[in-house]
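Spelled out, the chains give:
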Amino acid sequence: MQKLRIKDGCDHYPGYLDRRVQTELLSDIRDIIEQAPLYRPQMPRTGKPFSVMMTNCGPLGWVADKSGYRYQPHHPETEANWPPIPARLMDFWRSLTRYESPPEACLINYYAANARMGMHRDEDETDFNAPIVSLSLGDSAIFKIGGLTRGGPSQSVKLNSGDALIMAGPGRMLYHGVSRVLGGTSSLLKEGGRINLTLRRVGA
Ligand code: MD6
Ligand code: FE
């Protein structure tokens, strides 16, 4: 398994999931989306819609609306509890991180052709000791990874379908974002676009 160190605490595993496993994982995600439909979050205060659509699985899910960013146990529109994290994803977390505790939240992001994600840090968790695992399916994306403060120089990494990326320890609080999705680069999703999964611990 190839492991590329992007920065101290940020490792990229190109082709971590082979095509067969990507198809199986996609089928798990489609089942989740049937129970917990993708919805369009809004920026706190302004209410500006995200270009990315989201849903979650796990005991907790990350949501964004006019009142802020937070974790909650239920879908903001259906109000049903999030579906459980598939066993397959729990296995990937264990293999990739060797972390003693399981993930509590899995954010599912869907990027259609022109969707992007601005530079941010994942900082709505309490437990910053735990790693974050990201898995990508579908069209390739340009992932930007910067430093510990907003606005500095950033590196670009192309994330392809099946790639894993881990941010842990000194890499846990680096700014990062997705500047663009490269349409037509994968045949995995019939409808095109990209799915990114991030597995996190939320903490007390
Ligand atoms: C994405 N990823 O790849 C967005 N966050 O679509 C993230 O925001 C991210 O890849 C924390 C850790 C790893 C990530
Ligand atoms: Fe993030």
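Structure: above.
In what follows, the accompanying structure is described.

Strand pairing within a sheet occurs via backbone hydrogen bonds; the two strands may be parallel or antiparallel. One open sheet holds the 4 strands; their spatial order is β7-β12-β9-β10, and the pairing between them is antiparallel. Since the sheet does not close on itself, it has two edges, and those belong to β7 (117-120) and β10 (155-159), each with one partner. Strand-to-strand, the axes of this sheet are offset by a mean angle of 25 degrees, without reference to chain direction. Sheet analysis places strand β9 (residues 140-145) next to β10, joined by 5 bridges and oriented antiparallel. Looking at the pairing, A141 lines up with L159 of β10.

Overall, the coordinates contain 15 salt bridges when judged by the stated rule. Note that K3 and D11 form a salt bridge whose closest N and O atoms lie 3.8 Å from each other. Look at K3 and you get partly exposed, because its relative accessible area is 47%. The exposure class assigned to D11 is buried, which follows from its relative accessible area of 9%. The shortest N-O distance in the salt bridge between E104 and R201 comes to 3.9 Å. Taken as a pair, E104 in the loop between α2 (87-97) and β6 (105-111) and R201 in the segment after β13 (194-200) lie far apart in primary sequence, 97 residues in all. As far as the burial class goes, E104 and R201 line up, both buried. Residues participating in the shared-partner salt-bridge network are K3, R5, D8 and D11.

Definitions and limits used
Residues numbered from 1 in each chain as written. Chains lettered and ligands numbered in written order. Predicted model: local features only at pLDDT ≥ 70, side-chain atom pairs only at ≥ 80, totals over all residues. Heavy atoms only, no water. Pairing = 2+ DSSP bridges. Helix = DSSP H or I, 4+ residues; strand = E, 2+ residues; numbered from the N terminus. Axes fitted to C-alpha atoms, helices over the stretch in contact; angles between N-to-C directions. Salt bridge = Lys/Arg side-chain N within 4 Å of Asp/Glu carboxyl O. Buried < 20%, exposed > 50% of the residue type's maximum accessible area, 1.4 Å probe, protein only.

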